[in-house]
Amino acid sequence: MSTTARPRRRPGSRGGNSVIKGPTMAHVGFQGARHMHPERLPSAKRERTLSVRLFDTNEDTLESMDNQSSNVKILMVNGLNMNNVSEGIVERMQHLQKLDLSENQLIDTSLPDSFSTLDNLVELNLSNNKFTKLPPSIKKLRNLSRLSLSFNTIDSLKGLEKLKKMQVLMLDHNKFTSVFKDITHMRKLEILDCSSNNIREVGLDVRFLKNLRELNVTKNRISVLPTDVFQLNSLESLKAGQNQISKIPMFNMNPQHCHCLSEIDLSSNVLNKFPGHLLVITKKLDISSNRIKTLEWSKIKKMELQTDKDLYVEGNPLTFPPTDICECGLKSMVQFFQETQLNLKVYQGMKILVLGAPGSGKTSFVQTLVDGQSRLSEEMYEKSAGIEVSDMTFENIANKPEPPPNVTVTKANMEIHKKRLSVHGKERSEDTDDEVSSNASSSEHNKTLNLCIWDFCGNPFYLYPHYMFFEQPAIAILTFNMYTYTSDKFDEMVSSWFDWMIAKTNKLVVLLVGTHADKLKKEKMKAVCNEVKAKLQAHAEKQRQIVQKKIDEITEKPHISQTLSSQLNAYSLLLHEKFVVQSEVITTSAAKNTGYETIAASVEMLANDSRQFPHVLRPIPTFWLDVESFVEERGNTMVVPIVKFDQLKDEIGEKFGMKHLLNTILQYLHETGKVLWFSNNAALKGHVILRPAWFFDIFRAIFRHDLTEKLEIEVEDSFKTIVFEDETSGITQSKYDQMKEEFLAEGIVDRDLLKCMLSHLLPLETNGPFYEVLDLLLNNLDLGYLVSKRPRENGYNLDPEKDSMHSRKYLIPWFRNVPEPTSVQELWEPIAGNQRLAGICRFPKYMPPGLFEMLSVRAHRDKNRLKFLSHWGSGFHARHREEKLQIMFSYTRHETDNGTTLRFEFRDDHGSDPHADSVSAAAMWTILLPILMDFEELLHSYTGVLVERLMECPNCKMLSFIGEWLTPKETQGMPTRPCAECHEEIDTAFLAQPREKKRVDISQIRRRIHSAREQKSN
């Protein structure tokens, strides 16, 4: 009950002159009162003041509250223009539960230290004041559950770790740039409003807010929403309008178990692709005022005609379905699609792979290209790691014209398009203009080209993990920063990237794009473009000369053996394979949004080149589209969206029939970026990854150039739900820090740390999904192998065969940057004079990053029977389990060029005793050959790499013999061969693997003779 306070009279007085002119209370509430004027209608119960609202805070007013302060639970002191809260208010209100100080002039120092003594306070309203940071005194209010800081200028939430009972947090209209990582401890939070701030990312930390029901991030600078937001089981309302969100990720979304939101508001963003999968998990989806041009039938056809869901799409530049249909709501759209689905035509799209050194402006380039307006990376959240996926479409693509003529500009067969495209895409030949004009009247002119754009992070750290995703057919766009370009940066910005691409496949189609054009004058820009073009031609010529020199060395020989003939064929392929490069550097500016019409015109021209891309823009059969929809839905309902090829084949065969077409359909889905199916990789072709973006996230969680920063986590109960190896939940900070340091320093990752790193991508309440992913990474992708920590010792057991059941650590060679241990030479040097088998693989131009790392993982496999003793950044040292052998593989980079030499050597390990039976060369080959064959299998996936194979003469130790393990037949038929350096006749068992029947070498014969003589003398 409440009332307006009346003037007080002295006891017994009757006249008006007896009125006490004391302070006025604006609002008083009484507990137990039955009337607004309780002094006229006394209650049988004792009345207690419950709430008070003040008109002023002078001392007289506060004194009048003294006899009520012990009972007051609610105090409203809002709208009084106060600039500080007096100690008097705090001292009198120790039992206060709710305090409203909004609409005043309070600043950072306005709350007294005694404010922290309000232990019973559960609700505090500090909105509409002048705070620039959190008042220190509120950080100790442990029972606070509702806090409003709206309409201030606060920019940080750090220091609220003790407020774990928070349920409602209002942060709107402030200056926050980051929120979620500072509130992960608020596990009871239900309502969070941080609209109208400068927040750039929601972040993965949102997954800890399990009880969140309402989330409002409207009017911020967010560009990406993580999947974790949509998977909060309690979330009912998500408002993320008026941001810079350009895409919505796909995620596990089983309709039978999915939590359904009442609304998702994504209006007034920059979405260009219809996020139709969200219709499965929400009753109301607002995507109005974005940049969506088409609504895919595959997304809407899952809706029933009588659906009660709402979809708002007004304000988008929709071309399909028609605008009048969309204005009538979702039911009309569903009906339209059901009536017109037989007439829909879909054409095959393609992938665009965007590369470039750090600082090249790739992210700004991609976002400006996709969004159609200026987008600078400083104005958006950028993950800056791994691969980012974007989608866009080109409308009204013409029929395939005859491909434009090309001209060879260097002897390296670098094909150059003759047709120049100006910066604005208007300078074309008359023939091309006539072609486009003619096609405009064609009934097929309205084709749509769907592009899946993969933005590769430019940090050199990713040159290895990204290799597996750089595949053809695709258009590669290489970006470089013209503004920061100098002649000595050409290798870093341009040529090294061509070497990287060509090593994987020299069947390339490349657009060379210069960025930051707005920062250069025209003369300077022209000079940079001409220099880059000239240097690239010179670099290509130099690479050609390296290959040509190898060819000349072979052709000048009087006799060309089978091995030389095989090498000659391989070199000739390297010399004559072609890659297409745009004739001119395409200059662009994301700040000014210039040059992108040229990019679009170039992509369209290349897509129409049937010699380069024979499948692009072909009509896709309806049956294929049905399978595509099935595969997409299947992936969205899987926790781990990876399926065995044979299993998928059976499922599709049972549902659709025609199992024999699955290979062709999967290849189409792979080429367009819908799935990942590495059909040419023996280790991976048995698996189909149904959600590529999810798989990129798995890689991003483990392979990061900024791993040190990303692993800086205050654990608390962040990983409370994870089931760790000791079958406990949760992990201590000290254990986490120990595992983190071990990984960063040694390249050895604990299984529990891997679970922490993948916790936002996998449900880890059980171990099944984690081990499924772990098996793929270790056994199919060759990322690492099992090791164990030696108990009560320093160092690791790199071959934990006996205690493998108890081992839970993995050595990841790409992270293993430790130097060669001194113990290696202590074991290796004493047997330098023993019998040995040695050779090299020399890469004169470029050794693909990660090649040695994958070889070391394969060498560690049990089939090779090697016991690893040491593993350092550029080599490993091992013993054989059965033969008395030491083995070393290592690589060194050339000082004079970009080449690398990989060396392997087997040494007999019988010590220095000359009478001991040495391990035969044939036995060494039996061990070496499977490792070399694994290496050759790895090399097979790098079709553009130049490699020389050589064997060392066991007499003079010179590399004077060709390595013939791939074509050993000719050498196997000869007992000896002369060394070109020392001219000694060398047993061919040291040069190539002997035939099965040839298992005795010269050293064995000598030992037998020596043994016979000893027996005779005895």
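Residues numbered from 1 in each chain as written. Predicted model: local features only at pLDDT ≥ 70, side-chain atom pairs only at ≥ 80, totals over all residues. Heavy atoms only, no water.

## With respect to the overall build of the protein
Definition in use: Secondary structure elements are defined from DSSP: runs of H or I of at least 4 residues count as helices, runs of E of at least 2 residues count as strands, and each element is numbered from the N terminus. Accessible area is worked out with a 1.4 Å probe on protein chains only. A residue is then buried under 20% of its type maximum, exposed over 50%, and partly exposed in between. Two residues qualify as a contact provided that any one of their heavy atoms is within 4.5 Å of a heavy atom in the partner residue. Areas reported here follow the Shrake-Rupley algorithm with a probe of radius 1.4 Å; residue values treat only the protein chains shown as occluding.
Secondary structure summary: the protein contains 25 helices and 40 strands in total. Split into buried and exposed, the 1018 residues of the protein put 53% on the buried side. Considering only intrachain contacts with a sequence separation of at least 6, the fraction spanning at least 24 residues in the protein is 62%. When the accessible area of the protein is evaluated, it comes to approximately 45900 Å², of which 48% is carbon and sulfur surface.

## Points about the pattern of salt bridges
A side chain of one charge can pair with a side chain of the opposite charge if their charged atoms are brought near each other. For clarity, the cut-off: Think of a salt bridge as a Lys or Arg side-chain nitrogen and an Asp or Glu carboxyl oxygen that are within 4 Å of each other.
If you walk through the whole model with that rule in mind, you get 43 salt bridges. The salt bridge involving Lys 735 is made with Asp 752; its shortest N-O contact spans 3.2 Å. With Lys 735 in helix α18 (residues 733-746) and Asp 752 in helix α19 (residues 751-757), the pair connects residues that are 17 residues apart, well separated along the chain. Asp 752 sits in the buried class, given a relative accessible area of 0%.

## With respect to the pairing of strand β23 (residues 509-515)
Quick reminder of the rule: Strands were regarded as paired on the criterion that DSSP finds at least two bridges between them.
The buried fraction of β23 amounts to seven of the seven residues, a majority that puts the element mostly inside the structure. Both faces of β23 are covered, namely the face carrying Val 509, Leu 511, Val 513 and Thr 515 and the face carrying Val 510, Leu 512 and Gly 514. Here six bridges tie strand β22 (residues 475-481) to β23, and the two strands are oriented parallel to one another. Residue pairing for β23: Leu 478 is matched across the bridge by Leu 512. As paired elements, β23 and strand β25 (residues 586-587) share two bridges and run parallel to each other. Across the sheet, the residue bridging to Gly 514 is Thr 587, located in β25.

## Topic: the side chain of Glu 936
Residue position: Glu 936 is located in helix α23 (residues 921-940). The residues contacting Glu 936, other than those within four sequence positions of it, are Arg 949, Trp 965 and Leu 966.

## Re the packing of aromatic side chains
What counts is decided by this rule: We call Phe, Tyr and Trp rings a pair once their centres come within 6.5 Å, taking the six-membered ring for Trp, and we label the pair stacked below 30 degrees between planes, edge-to-face above 60, and tilted otherwise. Here, a charge over a ring is recorded when the distance from Lys NZ or Arg CZ to the ring centre is within 6 Å and its angle to the ring normal is within 35 degrees.
In the structure shown here, the tally under the stated rule is 35 aromatic pairs. Taking 5.1 Å as the distance between ring centres and 80 degrees as the angle between the ring planes, the aromatic pair formed by Tyr 467 and Tyr 942 counts as edge-to-face. Pair noted here: Tyr 467 is in the loop between β21 (447-456) and β22 and Tyr 942 is in the loop between α23 and β37 (948-951), with a separation of 475 residues, a long-range link. Classification of Tyr 467 by relative accessible area gives buried; the value is 2%. Look at Tyr 942 and you get buried, because its relative accessible area is 5%. With a centroid separation of 6.4 Å and 50 degrees between ring planes, the pair formed by Phe 469 and Phe 678 is classed as tilted. With Phe 469 in the loop between β21 and β22 and Phe 678 in the loop between α15 (662-671) and β27 (687-689), this residue pair connects regions lying 209 residues apart in the sequence. Above the ring of Tyr 796, the side-chain terminus of Lys 789 is found at 4.5 Å from the ring centroid.

## Side note on a positive patch on the surface
Put simply, the test is: Patch definition: residues with relative accessible area over 30% and no salt bridge; like charges joined within 9 Å; nonpolar side chains (Val, Leu, Ile, Met, Phe, Trp, Tyr) joined within 5 Å. This count recognises Lys and Arg as positive and Asp and Glu as negative, with His and chain-terminal groups excluded. A charge is said to be at NZ when it belongs to Lys, at CZ for Arg, at CG for Asp and at CD for Glu.
A cluster of like positive charges, contributed by Lys 140, Arg 142, Lys 162 and Lys 164, occupies part of the molecular surface. Taking the relative accessible area as the measure of exposure, Lys 162 reaches 42% and is therefore partly exposed.

## Regarding the sheet that holds strand β28 (residues 748-750)
Pairing between sheet strands relies on hydrogen bonds along the backbone, with the strands arranged either parallel or antiparallel. Applicable threshold: Only the contacting stretch of a helix is used when fitting its axis, a line to C-alpha atoms as for every element, and angles between N-to-C directions run 0 to 180 degrees.
Read across the sheet, four strands follow the order β28-β31-β29-β30 without closing on themselves; strand pairing throughout is antiparallel. The open sheet has two free edges, formed respectively by β28 and β30 (796-797), since each of these has just one partner strand. Strands in contact with α18 are β28, β29 (785-789), β30 and β31 (809-811); relative to β28, the strand with the most contacts, it is inclined by about 160 degrees.

## Re the packing of helix α9 (residues 490-504) against helix α10 (residues 522-555)
Spelled out, the test is: Roughly parallel refers to an angle under 35 degrees, roughly antiparallel to one over 145, roughly perpendicular to one between 65 and 115, and oblique to any angle outside these ranges. For a crossing to be left-handed, the near helix must be turned anticlockwise from the far one by less than a right angle; the clockwise case is right-handed.
Closest axis-to-axis distance for the α9/α10 pair is 11 Å, and the angle between their directions is 45 degrees. Compared by their axis directions, α9 and α10 come out oblique. The crossing of α9 and α10 is right-handed. Counting all contacts with α9, which are made through Phe 490, Val 494, Ser 495, Phe 498 and Asp 499, the residues of α10 involved are Val 532, Lys 535, Leu 536, His 539 and Gln 543.

## Considering helix α14 (residues 645-656)
Rules: Multiplying 1.5 Å by the helix residue count minus one yields the expected span of that helix. The directions considered for the arc run from the helix axis to the C-beta atoms.
Taking 1.5 Å per residue, 12 residues should reach 16 Å; α14 reaches 16 Å between its end C-alpha atoms and fits that length. Within the sequence span of α14, burial applies to Phe 645, Leu 648, Ile 652 and Gly 653. Down the axis of α14, the buried set is contained in an arc of 130 degrees. They therefore lie on one face. Those residues of α14 that are exposed and aimed more than 90 degrees away from the buried face are Asp 646, Glu 654 and Lys 655. Buried residues in α14 make contact with α13 (622-636), β26 (642-644), α15 and β27. Just beyond α14, the residue with positive phi is Gly 657, at close to 80 degrees.

Everything listed is a geometric property; what it means functionally is a separate question.
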